[in-house]
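Each chain, written out:
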Amino acid sequence: MDICMAAPDMSTTVHIAEEGELVRATLHGPEKRNALDEQALEHIRAAAAKAKDASVLLLQGDGDVFCAGFDVPLMKRDPSQVNTLIESLSQTCKALRRCAATVVVDVQGAAIAGGCALAVSSDVLIARHGARFGYPVHALGISPAVTIPVLLPAAGGLARSMLMSGRLYPAEQLHEAGMVHHLMASSDSLDPLIESLLQRGLAAAQATKGWINTLDGSLQDDRFDRPVKGSRGLRIRQD
């Protein structure tokens, strides 16, 4: 079953396709580099909910860029959106991390700020050669702290630098560091990897993810909620 969940005002839409034990969720807003607003984040959470009985949830983005993060023009028009989007992103990261299905995120071009947060919420992170990851948001007046609960386990010793430097890191470097699990050419098919994941025992795979989440703290709400509370009151710069 295919569903197209559309946010208003030419926002990024999310196309959800259920294919047996595989659920595909595709961000579609290439003209704005799949920028995120509240509705788009809500629809990603809906995809995670649909995948609760699936083996794999695959999250991708149309166009040249996986996701450029929050919709900055929207936040400049309506500064109250800063707090709304930070909280919604936190809930979305939590939903992806806690989804019983194995979450696979496929990144091309760039995963910036909120897009990077989605990427590191995955269980299996794929990057295409030339892709870049990072959090260049301090200059906007925004803290990337909301991504800490999912970035720390994924990036290890790189996490502090990624959060504080504002640099964009090449996929190749992050693959060497172990944060990117599979580095592929843009033309490489995901089918062999997805098929191998679908061949696992569903119950065993879901139980394994449940234990990982229990032991690494992903089920502790406070780990997600405290960075959101600490980010409240931030205002996006208008210059």
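Please refer to the structure higher up on the page.
I will try to describe carefully the structure that is included in this document.

Moving on to the overall build of the chain. Along its length, the chain carries 10 helices and 10 strands. A compact globule built from 239 residues should have a C-alpha radius of gyration of about 18 Å, and the chain, at 17 Å, falls within 12% of that. Viewed in the frame of its principal axes, the chain has a C-alpha envelope of about 50 × 40 × 35 Å. Counting across all 239 residues of the chain, residues that qualify as buried make up 49%. In the form shown here, the chain has an accessible surface area of approximately 10500 Å², with 53% of it arising from carbon and sulfur atoms.

Glancing now at the packing of aromatic side chains. For the structure shown, the criterion picks out 0 aromatic pairs. If you follow Arg167 out to its NZ or CZ, it ends over the ring of Tyr169, 4.1 Å from the centre.

Glancing now at the environment of Ala113. Position of Ala113 among the secondary structure elements: in the loop between β6 (110-112) and α4 (114-120). Sequence separation between Ala113 and Phe70 is 43 residues; the distance between their C-alpha atoms is 7.6 Å. What Ala113 contacts, discounting residues up to four positions off in sequence, is Gly134, Tyr135 and Val137.

About the thresholds
- Residues numbered from 1 in each chain as written.
- Predicted model: local features only at pLDDT ≥ 70, side-chain atom pairs only at ≥ 80, totals over all residues.
- Heavy atoms only, no water.
- Helix = DSSP H or I, 4+ residues; strand = E, 2+ residues; numbered from the N terminus.
- Rg over C-alpha atoms; globule rule 2.2 N^0.38 Å.
- Buried < 20%, exposed > 50% of the residue type's maximum accessible area, 1.4 Å probe, protein only.
- Areas by Shrake-Rupley, 256 points an atom, 1.4 Å probe, with all protein chains shown as cover.
- Phe/Tyr/Trp six-rings, centres within 6.5 Å; stacked < 30°, edge-to-face > 60°.
- Lys NZ or Arg CZ within 6 Å of the ring centre and 35° of its normal.
- Contact = heavy atoms within 4.5 Å.

Everything listed here is a matter of coordinates, which is why it stays silent on function.
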